[in-house]
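What follows is each chain in one-letter form.
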Amino acid sequence: MDGINNSMKKLSMIAIDGPAASGKSTLAFRLARSLSYLYFDTGLMYRAVTWLALDRHLDIKDEDAIVRLAEQTPIDVSAPSLDDGRPCDVIVEGRDITWEIRKLEVDANVSAVSAYAGVRKALTVQQRRIGLRGKVVMVGRDIGTVVLPDADLKIYLDASAEERARRRYQEILDRGGEADYEVILRKVIERDYLDSTRAIAPLKPADDAIILDSDQMDADTVFETAFDLCK
Ligand code: CDP
Ligand code: CDP
């Protein structure tokens, strides 16, 4: 046991990247809990800016206005205050938007917002500052490539679009909602395309990332595989 703990001490920054619904947040949350590290999901920062832009009825195509929003709005992420399944609280301008940022309207616009250079610059600075403090499991699209290129362990979690759409579909049903699998699949593919073809910090595995294809793996197996890599 001591041996494991000693070798784990060397790991300080863990980067988890991959496409939508590949299981990044689920894995990162469990890893962070097991290692007593901070869990930090960078996607929620892009979602928070997108939510705020929609709430203010800004035109998502108005790059200058969206960049100003990203530069000027503090996004407060803290330990969960409610026991409703949330991994953390997301507060913007005093409003709890933890669940609001998961809405389909945000899903549909977040890739456009996250493609703006000014938005990425503003959010990357904040993410790096948090990451470099260490003892962190950070989740996103560009953590291993751009935000924390010196991360001690980089995992790129993948799965087919069909399997990922099935997971999102199941999630919505489990929460008592209604969903159309074909619509979800189309949106997952659209978002993958936008995220992986954008000019700045596109979704792709870092050269030194370990790629895990989770199509045939349940969340427990993914966690056990990743936890072994931490050793
Ligand atoms: O949970 P899911 O994989 O669906 O998405 P997310 O991690 O919440 O990220 C939402 C969106 O934010 C992604 O589709 C990307 O457009 C953007 N994002 C990014 O560009 N860079 C990151 N490091 C994290 C998210
Ligand atoms: O963060 P990301 O969008 O990559 O995915 P997630 O929100 O962590 O996971 C999406 C859903 O897939 C959750 O309901 C998980 O329980 C489920 N799942 C998983 O995370 N890993 C698997 N290997 C299989 C399913």
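The numbering scheme is per chain: residues are counted from 1 as the chain's sequence reads. Throughout, the order in which chains and ligands are written sets their labels, letters from A for the former and numbers from 1 for the latter. Thresholds applied to this predicted model are a pLDDT of at least 70 for local features of residues and 80 or more for the giving and counting of side-chain atom pairs; totals over whole chains, interfaces and linings are not thresholded and use all residues. With hydrogens and water excluded, all non-hydrogen atoms of the structure serve as input to the side-chain values.

### Describing the overall build of the protein chain
Moving on, step 1. Strands are runs of DSSP state E lasting at least two residues, helices are runs of H or I lasting at least four, and both sets are numbered from the N terminus onward. Secondary structure assignment for the protein chain yields 10 helices and eight strands.
Moving on, step 2. Here the C-alpha atoms of the protein chain give a radius of gyration of 17 Å, agreeing with the 17 Å that 2.2 N^0.38 yields for 231 residues.
Moving on, step 3. Principal axes of the C-alpha set define a box for the protein chain whose edges measure 55 × 40 × 35 Å.
Moving on, step 4. Only protein chains enter the accessibility calculation, which uses a 1.4 Å probe; a residue is then buried when its area is under 20% of its type maximum, exposed when over 50%, and partly exposed in between. With 231 residues in all, the protein chain has 48% of them scored as buried.
Moving on, step 5. Residue contacts are counted whenever heavy atoms from the two residues lie within 4.5 Å of one another. In the protein chain, the share of contacts with a sequence separation of at least 24, taken over all contacts with a separation of at least 6, comes to 71%.
Moving on, step 6. Here the open area of atoms and residues is found with the Shrake-Rupley method and a 1.4 Å probe, where only the protein chains shown may cover a residue. By element, 50% of the accessible surface of the protein chain is carried by carbon and sulfur atoms, the whole surface being about 11900 Å².
Moving on, step 7. Computing the positive centroid from 32 side-chain charges and the negative centroid from 40, the protein chain places the two 4 Å apart. Computation of the radius of gyration draws on C-alpha atoms, with the globule rule given as 2.2 Å multiplied by the number of residues to the power 0.38. The charge count includes Lys and Arg as positive and Asp and Glu as negative, but it does not include His or the ends of the chains. For charged residues, the charge sits on one atom: NZ in Lys, CZ in Arg, CG in Asp, CD in Glu.

### Some remarks on helix α4 (residues 63-72)
Moving on, step 1. When α4 is considered as a whole, its buried residues turn out to be Ala 65, Ile 66, Val 67, Leu 69 and Ala 70.
Moving on, step 2. Here the buried face of α4 lies against α3 (43-55), α5 (104-114) and α6 (117-131).

### A word on the site of ligand 2
Moving on, step 1. In the vicinity of ligand 2, 14 residues are found, and the nearest of them are Ala 21, Lys 24, Ser 25, Thr 26 and Met 217.
Moving on, step 2. N or O atoms within 3.5 Å of each other form a polar contact, as long as, within protein, one can give a hydrogen and the other can take it, and as long as residues adjacent in sequence are counted only when both atoms are side-chain atoms. Separating an oxygen atom of ligand 2 from a side-chain N or O atom of Glu 171 is a distance of 2.9 Å.
Moving on, step 3. Contact between ligand 2 and Met 217: a nitrogen atom at 2.7 Å from a main-chain N or O atom of the residue.
Moving on, step 4. Contact with the protein chains removes 80% of the 540 Å² of surface that ligand 2 exposes when unbound.
Moving on, step 5. Contributions of two or more residues to the shell around ligand 2 are made by α2 (24-35), α8 (161-174) and α10 (219-230).
Moving on, step 6. Its residues assigned to classes, the shell around ligand 2 shows five nonpolar, four polar and five charged. If a single non-hydrogen atom of a residue is within 4 Å of a molecule or strand, that residue counts as near it. As a working rule, the residues Ala, Val, Leu, Ile, Met, Phe, Trp, Tyr, Cys and Pro are called nonpolar, Asp, Glu, Lys and Arg charged, and the rest polar, with Gly in that last group.

### A closer look at unusual backbone geometry
Moving on, step 1. For Ala 21, which is not a glycine, the phi torsion comes out positive at approximately 65 degrees.
Moving on, step 2. In this structure, Ala 21 sits in the loop between β1 (13-17) and α2.
Moving on, step 3. Accessibility expressed as a relative area gives 10% for Ala 21, which makes it buried.
Moving on, step 4. Although it is not a glycine, Ser 36 sits at a positive phi angle of roughly 55 degrees.
Moving on, step 5. With respect to the secondary-structure elements, Ser 36 resides in the loop between α2 and β2 (38-41).
Moving on, step 6. The class of Ser 36 is exposed, set by a relative accessible area of 62%.

### Here we look at the domain arrangement of the protein chain
Moving on, step 1. Residue ranges assigned to the domains are those given by an automatic or database domain assignment. Entries for the protein chain in the domain assignment read domain 1 (1-35 + 147-231) and domain 2 (38-133).
Moving on, step 2. With centres defined by C-alpha atoms, the gap from domain 1 to domain 2 works out at 19 Å.
Moving on, step 3. In this complex, domain 1 contributes 14 residues to the contact, which on the side of domain 2 involves 18 residues.
Moving on, step 4. In this description, buried area is defined as the sum, over both parts, of the accessible area (probe of 1.4 Å) that is lost when the two are combined. When domain 1 packs against domain 2, the two sides together hide about 1400 Å² of surface, and 63% of this comes from carbon and sulfur.
Moving on, step 5. When the buried surface of domain 1 facing domain 2 is broken down by residue, Val 147, Arg 191 and Arg 198 rank first, second and third, together holding 36% of it.
Moving on, step 6. For the side of domain 1 that touches domain 2, the secondary structure elements donating two or more residues are α2 and α9 (181-197).
Moving on, step 7. Ranked by the residues each element gives to the side of domain 1 that touches domain 2, the list is headed by α2, at four residues.

### What to know about the site of ligand 1
Moving on, step 1. Looking at ligand 1, there are 19 residues lining it, with Arg 47, Arg 120, Asp 142, Arg 191 and Asp 195 nearest.
Moving on, step 2. In the environment of ligand 1, a nitrogen atom lies 3.0 Å from a nitrogen or oxygen atom belonging to the side chain of Thr 42.
Moving on, step 3. Contacts to ligand 1 include Arg 120, whose side-chain N or O atom sits 2.8 Å from an oxygen atom.
Moving on, step 4. Within the complex, 99% of the 530 Å² of free accessible area of ligand 1 lies under protein.
Moving on, step 5. Elements represented by at least two residues in the shell around ligand 1 include exactly α3, α5 and α9.
Moving on, step 6. Shared between two domains, the shell around ligand 1 holds at least three residues of each, these being domain 1 (1-35 + 147-231) and domain 2 (38-133).

### Here's the deal with the layout of surface pockets
Moving on, step 1. With a 1 Å grid spanning the protein atoms alone, the term cavity applies to any set of points in which a 1.4 Å probe fits but cannot get out, the term pocket to an open set with protein on both sides within 12 Å along at least five of seven lines, and the term lining residue to any residue with an atom within 4 Å of a point. Grid points are joined across faces, edges and corners, and a volume is the space filled by probe spheres set on the points. Computed from the structure, the second largest pocket encloses a volume of approximately 250 Å³.
Moving on, step 2. Around the second largest pocket, the lining comprises 14 residues; the ones closest to its centre are Leu 38, Tyr 39, Phe 40, Val 77 and Ser 78.
Moving on, step 3. When residues of the lining of the second largest pocket are traced back to their parent elements, those giving at least two are β2, β3 (76-78) and α6.
Moving on, step 4. When residues of the lining of the second largest pocket are assigned to their parent elements, the largest contribution, three residues, is made by β2.
Moving on, step 5. Its residues assigned to classes, the lining of the second largest pocket comprises 12 nonpolar, two polar and no charged.

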